[in-house]
Amino acid sequence: MIRIYTSAMAMLATLFSTSALAEYALNLPEPNSELTREIFDLHMLTTYIAVIIMAIVTAIIVYALFKFRKSTGYEADQKFHEGWFGRWSWLFVPVIVLGIDLTIAGSATGTLAKIESHPDADVTVKVTGSQWKWTYEYMDEGIRFNSNLKKLDPSDEHYLRDVDNPLVLPVGKQVRFLHTATDVLHAWWVPSIAFKKDSIPGYIIETHAKIDREGVFRGQCAENCGTGHAYMPIVVKVVSADEYTAWVAAQQEVKLAKAASADKVWTLDDLYAKGEEIYNSVCVACHQLNGMGIPGTFPAINGSPVATGDKAGHMDRVMNGVAGTAMAAYAFQMDDVDLAAVITYQRNAWDNKTGDMVQPAEIKAAR
Ligand SMILES: [Cu+2]
């Protein structure tokens, strides 16, 4: 008997330990920042209370069904309201319910206040959602890049959950996220490190996190933002302070190199090769690999009057988009070299053999 009791207790202890619960795939992901831990604990508190209430109520119902069944000749108590329980239950049952509510609300108030606070930040990242990618901008470091879905085989562990450029953040530092969007509502959400707020075009909405463990954390756009909604994964790589400093320095070098390459005159072949790469990661979802688009939904670029007509019109279409359609304004999302390359590619790929090219300097002038 004692052995059964001990093993049952051990089983319960394992089941209810935080780490076991965190690893259990049906539960929320393991929290890795102060606030997400508090949110996780609130979730567990509420779950425990709900489970206990459910067990008590179910036990009472089962007991009543069995004990007071008609087949044993039980007759309903017509004088229930005259006994002490009948008189007082209308009072103390609501008091118990209110007490439980206040226990949960009391624990949640401090967390909600923290969520709405604006602590001083060591790192500020502006996170912009667009159909269908994230743009990260480090406000003090002058770093900016896009994070696109990485195409993987469906059998891959991280299929639809990996990106080309992850967001890199330092461990143990206060990070401020500034959320906005360029087209529709999006929501940048990495449940284990940050709470969720909508990204709304024209608004800047703040969230914050102090991540307490190094590692790779994944999330997804949490707003139903269109047909490519599932293709907006988020990957955050949390590194040590030293690694972060080195990464920032490397990114700044990349930026300098990019600025230098934007000033030089490119050859058609180089622009074409670079443009093909960009086309195949950014434009391909709508306009397709063969440039034929999806008839009735996304226009073809192969043979289109825009891509074979005058350069200025083509540049305007790609840089400023088309209002009211899924064609976004890429002037914001791409730098001069990338825009010049992808437009040059579109003007020369498939049957569009215009033979002309757009230099980064022309994009710069058109901005
Ligand atoms: Cu989205």
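Structure first, text after, so check above.
First things first, this report covers the structure right here in the doc. (Residues numbered from 1 in each chain as written. Predicted model: local features only at pLDDT ≥ 70, side-chain atom pairs only at ≥ 80, totals over all residues. Heavy atoms only, no water.)

## Structural notes on the environment of Leu102
Structurally, the position occupied by Leu102 is in helix 4 (residues 84-115). Separated by 175 residues in the primary sequence, Leu102 and Glu277 place their C-alpha atoms 57 Å from one another. (Helix = DSSP H or I, 4+ residues; strand = E, 2+ residues; numbered from the N terminus.)

## With respect to the coordination of the copper ion
Ideal values differ by geometry: the angle at a metal is 109.5 degrees with four tetrahedral donors, but 90 or 180 degrees with six octahedral donors. Donor atoms from the polypeptide that coordinate the copper ion comprise His186 (ND1), Cys221 (SG), Cys225 (SG) and Met232 (SD), at 2.0 to 2.6 Å from the metal. Its four donor atoms give the copper ion angles of 91 to 127° at the centre, a pattern that matches the tetrahedral case. Every donor residue of the copper ion comes from the same chain, spaced as H-x34-C-x3-C-x6-M. Residue His186 is found in strand 6 (residues 186-189), and its partner Met232 is found in the loop between strand 9 (215-221) and strand 10 (233-239); the two are separated by 46 residues along the sequence. Both residues of the pair, His186 and Met232, belong to the buried class. (Donors = N, O, S within 2.8 Å, 3.2 Å for Na, K, Ca; no water. Tetrahedral: all angles 85-135°; square planar, octahedral: opposite > 155°, others 65-115°. Buried < 20%, exposed > 50% of the residue type's maximum accessible area, 1.4 Å probe, protein only.)

## Some remarks on the packing of aromatic side chains
Counted by the stated rule, this structure contains 15 aromatic pairs. Aromatic pair Phe80 and Phe85: ring centres 6.0 Å apart, planes at 75°, arrangement edge-to-face. Each residue in the set Tyr136, Tyr138, Phe145, Tyr244 and Trp247 is aromatic and connected to the rest through ring pairs, giving one cluster. Here Lys196 stacks its cationic end above the ring of Trp189, 4.6 Å away from the centre of that ring. The lysine or arginine in question, Lys264, covers the ring of Trp266, its NZ or CZ lying 4.5 Å from the ring centre. (Phe/Tyr/Trp six-rings, centres within 6.5 Å; stacked < 30°, edge-to-face > 60°. Lys NZ or Arg CZ within 6 Å of the ring centre and 35° of its normal.)

## Section: the pattern of salt bridges
Side-chain pairs of opposite charge can arise whenever the charged atoms involved come near each other. If you walk through the whole model with that rule in mind, you get 14 salt bridges. Measuring nitrogen to oxygen at the nearest pair gives 3.4 Å for the salt bridge that ties Lys114 to Glu34. Pair noted here: Lys114 is in helix 4 and Glu34 is in helix 3 (residues 34-67), with a separation of 80 residues, a long-range link. Owing to a relative accessible area of 44%, Glu34 belongs among the partly exposed residues under this scheme. Across the pair Asp336 and Arg367 runs a salt bridge, and its minimum N-O distance is 2.6 Å. In this pair, Asp336 is assigned in helix 9 (residues 336-348) and Arg367 in the segment after helix 10 (360-366), connecting sequence segments 31 residues apart. Taking relative accessible area as the criterion, Asp336 reaches 12% and is therefore assigned buried. Under the relative-accessibility criterion, Arg367 is labelled partly exposed at 47%. (Salt bridge = Lys/Arg side-chain N within 4 Å of Asp/Glu carboxyl O.)

## A word on the pairing of strand 10
Of all seven residues in strand 10, six are buried, a share of seventy percent or more. As paired strands, strand 4 (residues 167-170) and strand 10 are joined by four bridges and run parallel to one another. Along strand 10, the bridge assignment pairs Pro170 with Val239. Where strand 9 lies against strand 10, six bridges are found, and the strand directions are antiparallel. From the neighbouring strand, Phe217 faces strand 10, where its bridge partner is Val236. (Pairing = 2+ DSSP bridges.)

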